[in-house]
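# Inside the fold
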Amino acid sequence: MRIGVPRETKADEHRVGLTPTSVRELTHHGHAVLVEAGAGDGIGARDADYTRAGATVVAAAADAWGAELVVKVKEPQPAEYPLLRAGQVLFTYLHLAPDRDQTLALQRSGVTAIGYETVTGPGGGLPLLSPMSEVAGRMAVQAGAH
């Protein structure tokens, strides 16, 4: 499978959908990973780190979005809506409830969108959401003190 990792375009978002370690695991299992240049800058992962892990670094966001599976952190931004298409799988946080425009764009595109916040584990828990909730809980005290 071709897996795309575009650079995040949401304001003040510096995370990346896959780390070089994750890319190494995926390429080891025969997947092709396309990482947009600079996608890992916010976490200190250079393009060369992704290349060493087996990814192909691509210059244009459209190249990463051209993959069968696109892995992001945050919901697609309006400028990314035209890159969504039928037959593609998008794996990211979506938080659809407050965002009617995003919901409609996803529906119109025909993409299969999987929100991290909806993935349930064997016991019914939310294994992808709970680490983020822990971080937010720890940060709340600091934000409140500020």
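A brief look at the structure comes next.

## A few points about the overall build of the chain
When helices and strands are tallied, the chain shows 5 helices and 6 strands. Ordering the α and β elements of the chain from the N terminus gives β-α-β-α-β-α-β-β-α-β-α. In terms of overall dimensions, the chain is globule-like: its C-alpha atoms have a radius of gyration of 16 Å, near the 15 Å expected for 146 residues. Accessible surface computed for the chain: about 8100 Å², of which carbon and sulfur atoms make up 58%. If you average the places of the 13 positive and of the 16 negative side-chain charges in the chain, the two averages end up 1 Å apart.

## Looking at the pairing of strand E2 (residues 32-36)
The buried fraction of E2 amounts to 4 of the 5 residues, a majority that puts the element mostly inside the structure. Note: strand E1 (residues 2-5) against E2, 4 bridges, orientation parallel. Bridge pairing links Gly4 to Leu34 in E2. Examined bridge by bridge, E2 and strand E3 (residues 56-58) share 3 bridges and lie parallel to one another. Across the sheet, Val35 pairs through a bridge with Val57, a residue of E3.

## Here we look at the side chain of Lys74
On the secondary structure map, Lys74 appears in the loop between strand E4 (69-71) and strand E5 (89-92). Excluding anything up to four places from it in sequence, Lys74 contacts Glu8, Lys10, Glu13, Arg15, Thr92, Tyr93 and His95.

## Digging into the packing of aromatic side chains
Enumeration according to the criterion identifies 2 aromatic pairs in this entry. Between Phe91 and Tyr116, the aromatic rings sit 4.6 Å apart at their centres with planes inclined by 80 degrees, giving edge-to-face as the arrangement. On the criterion of sequence distance, the pair formed by Phe91 in strand E5 and Tyr116 in the loop between strand E6 (112-115) and helix H5 (130-145) is long-range, its members being 25 residues apart. For Tyr116, a relative accessible area of 12% gives the class buried. Residues Tyr93 and Tyr116 carry aromatic rings whose centres are separated by 4.8 Å and whose planes lie at 85 degrees to one another, so their mutual orientation is edge-to-face.

## Brief notes about helix H4 (residues 100-109)
What H4 keeps buried is the set Gln102, Ala105, Leu106 and Ser109. Down the axis of H4, the sector holding all buried residues measures 100 degrees, keeping them to one side. Relative to its buried face, H4 has exposed residues pointing more than 90 degrees away, namely Arg100, Gln107 and Arg108.

## Topic: the nonpolar core
One finds Leu18, Val23, Val33, Val35 and Tyr50 to be the most contacted residues of the largest nonpolar core, which totals 17 residues. Sorting the residues of this core by element identifies E1, E2 and E4 as the ones contributing at least two each. The contacts of Val33, once residues within four sequence positions are left out, are Ile3, Val5, Leu18, Val23, Leu26, Thr27, Ala55 and Thr56. Among the nonpolar cores identified, the runner-up in size contains 9 residues, and Trp65, Val70, Leu94 and Leu106 belong to it.

Parameters at a glance
Residues numbered from 1 in each chain as written. Predicted model: local features only at pLDDT ≥ 70, side-chain atom pairs only at ≥ 80, totals over all residues. Heavy atoms only, no water. Helix = DSSP H or I, 4+ residues; strand = E, 2+ residues; numbered from the N terminus. Rg over C-alpha atoms; globule rule 2.2 N^0.38 Å. Areas by Shrake-Rupley, 256 points an atom, 1.4 Å probe, with all protein chains shown as cover. Lys, Arg positive; Asp, Glu negative; His and termini not counted. Charge placed at Lys NZ, Arg CZ, Asp CG, Glu CD. Buried < 20%, exposed > 50% of the residue type's maximum accessible area, 1.4 Å probe, protein only. Pairing = 2+ DSSP bridges. Contact = heavy atoms within 4.5 Å. Phe/Tyr/Trp six-rings, centres within 6.5 Å; stacked < 30°, edge-to-face > 60°. Arc of directions from axis to C-beta. Core = buried A, V, L, I, M, F, W, Y, C linked by side-chain atoms within 4.5 Å.

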